[in-house]
Structure formats: structure tokens, C-alpha cells
Amino acid sequence: MKYLIFITPIILMLTGCNQSDNHQRVLQNQIDSLQSKLDRSYKPGFGEFMSNIQTHHAKLWFAGENQNWKLADFEINEIKENLEGIQKYCSERKETKSIGMINLAMDSLSNSILKKSKIKFRKNYINLTNSCNSCHQATNHEYNVIVVPKNSPFSNQDFKIKN
Ligand code: HEC
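Let me begin by describing the structure that accompanies this report. Every chain begins its residue count from 1, and numbering advances along the sequence as written. Local features in this predicted model are restricted to residues of pLDDT 70 or higher, and side-chain atom pairs are both shown and tallied only at a pLDDT of 80 or more, whereas totals for entire chains, interfaces and linings draw on every residue. The side-chain quantities take in all heavy atoms of the structure and omit both hydrogens and water.

Regarding the site of the ligand
Turning to step 1, where the next piece is worked out: Whether a residue is near a molecule or strand depends on its heavy atoms: if one lies within 4 Å, it is near. Not every one of the 18 residues close to the ligand is listed here, only the nearest: Met 50, Arg 93, Cys 132, Cys 135 and His 136.
Turning to step 2, where the next piece is worked out: By the criterion applied in these results, polar contacts are pairs of N or O atoms within 3.5 Å in which, for protein atoms, one can donate a hydrogen and the other can accept it, and in which residues neighboring in sequence qualify only through two side-chain atoms. Interatomic distance of 2.8 Å between a side-chain N/O atom of Arg 93 and an oxygen atom of the ligand.
Turning to step 3, where the next piece is worked out: Within the side chain of His 136, one N or O atom sits 2.8 Å away from a nitrogen atom of the ligand.
Turning to step 4, where the next piece is worked out: Labels follow the DSSP assignment, with helices taken as runs of H or I lasting at least four residues and strands as runs of E lasting at least two, numbered in each case from the N terminus. Of all elements in the fold, only helix H2 (46-65) and helix H5 (118-138) reach the threshold of two or more residues within the shell around the ligand.
Turning to step 5, where the next piece is worked out: In terms of residue count, the dominant contributor to the shell around the ligand is H2 (seven residues).
Turning to step 6, where the next piece is worked out: Throughout, the ten residues Ala, Val, Leu, Ile, Met, Phe, Trp, Tyr, Cys and Pro are labelled nonpolar, Asp, Glu, Lys and Arg are labelled charged, and all others, Gly among them, are labelled polar. The residue makeup of the shell around the ligand, split by class, is eight nonpolar, eight polar and two charged.

Things to note about the environment of Lys 94
Turning to step 1, where the next piece is worked out: When you line up the elements, Lys 94 lands in the loop between helix H3 (69-89) and helix H4 (103-114).
Turning to step 2, where the next piece is worked out: For the pair Lys 94 and Pro 44, spaced 50 residues apart in sequence, the C-alpha to C-alpha distance is 16 Å.

So, the coordination of the iron atom of the ligand
For a metal bound by four donors in tetrahedral geometry, the ideal donor-metal-donor angle is 109.5 degrees, whereas six donors in octahedral geometry ideally sit at 90 or 180 degrees.
Turning to step 1, where the next piece is worked out: Donors, by definition, are the N, O and S atoms found within 2.8 Å of a metal, the threshold being 3.2 Å for Na, K and Ca, and water is not counted, so a site can look incomplete. Protein-derived ligands of the iron atom of the ligand are Met 50 (SD) and His 136 (NE2), with the metal-ligand distances lying across 2.0 to 2.3 Å.
Turning to step 2, where the next piece is worked out: Here the metal geometry follows the donor angles, with tetrahedral for four donors whose angles all fall between 85 and 135 degrees, square planar for four and octahedral for six when opposite donors are more than 155 degrees apart and every other angle is between 65 and 115, and irregular for all the rest. Coordination at the iron atom of the ligand is octahedral: its six donor atoms span angles of 83 to 179 degrees at the metal. Of the two residues, Met 50 sits in helix H2 while His 136 sits in helix H5, which places them 86 residues apart along the sequence.
Turning to step 3, where the next piece is worked out: Partly exposed describes any residue whose relative accessible area lies between the buried limit of under 20% and the exposed limit of over 50%, with all areas from a 1.4 Å probe on protein chains only and scaled to the type maximum. For Met 50, a relative accessible area of 26% corresponds to the partly exposed category.
Turning to step 4, where the next piece is worked out: According to the relative accessible area criterion, His 136 is buried, its value standing at 14%.

Below you can see the structure in the form of C-alpha cells.
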């Protein structure tokens, strides 16, 4: 009997440890499985963000040319969101470090949209386009040359203001 009184707490302690070990193993397995799901989850690539930016860069021009300032404001914000997306999802790419070189040009163009000035819009749009190319040159993508669009490639969108 004396022997039992002595041994029971030790057995309880040992099984308690075992249980917490098991619990830790279960948690670790769950973490590993979540990590592998995360590694396999879809993340948009740098080129996909750039293709989106290209679309909004083109639409922005036709919005500004039509003095459709609400649409122009929308389009420049789409460019901003894609630039933010690059910072968020492509942080491992070394080119992402150069993204800030476009900020000044973006701010100036935003301002001319707020001021509804077509003259300033044109000047700052060219300025923005030059910044796109400066970054392409800085990141060894100089063969991606961006220009002011001539004709809208979007025949299914009307850029004029609707009253
Ligand atoms: C970080 C600096 C940087 C800035 C600023 C930048 N780009 Fe890019 N751009 C890149 C890089 C890097 C690539 C190559 C992406 C890849 O690896 O697929 C690229 C690729 C592109 C492509 C080719 C996409 C394709 O798959 O055909 C287009 C179009 C493009 N950029 C448009 C623009 C436009 C328009 C702007 C300005 C509004 C701009 N970029 C600003 C770095 C930049």
C-alpha cells in the first residue's frame, strides 16, 4: 500500500508529460500542414501586376484626354493598388526595392487629375511613362518600353463622360 501511494503521483506525472508531448506533436503537424498549404497558395507574379498596370496606364490616358476626371482618378488608383500589390506579394524580388522611384510622378499626375487640368495631365502622364521606363532600365528590363498609347485597345469601353 505504501508503495502505491509513492508510485501513483509519479505515474500520473509521466502520463501527463506524455499527453502534453502528444498535444505538441499534433499542433506541430497542424502548423506544418498549414505552412505547406500556404507555400502552395496562389500568389500573383511581378509580370501579372505589370500587365494590369499596363492596362490601367492605357485607360488612364484616354480618360484624361476625354477630361473624364472621375475615371482618370479611378484608373490611377488602380495603378496605385497594383504597385502596393507588388510590395506586398513580390517582396522577395530584388526589383521591388526600386518601385519607389515612380512615386513622385504618380503624385504629380494625381494632382493634375484633382485640378482637372488637361495640360498638366498630359505633361505629368509623359513624366509617369518616363518613370516606368526608368525603372525598367534600372532593373535590366529596358526592352519593355512603355509609350503614350495612340488608339484605345478597348473598343468595349467608352471613355467619354456620360451625363
Ligand atoms: C520596380 C520598377 C518598375 C516600375 C516603377 C515599373 N515597372 Fe514595369 N516592369 C518591371 C519589371 C521588373 C518587369 C518584369 C516583370 C517580370 O519579371 O515578369 C516589368 C514588366 C513590365 C511589363 C511587361 C509585362 C509583360 O508580361 O508583358 C509592362 C507592360 C510594364 N512593366 C509596364 C509598366 C508600366 C506601364 C509602368 C508605369 C506605370 C511600369 N511598368 C513601372 C519593373 C517596373
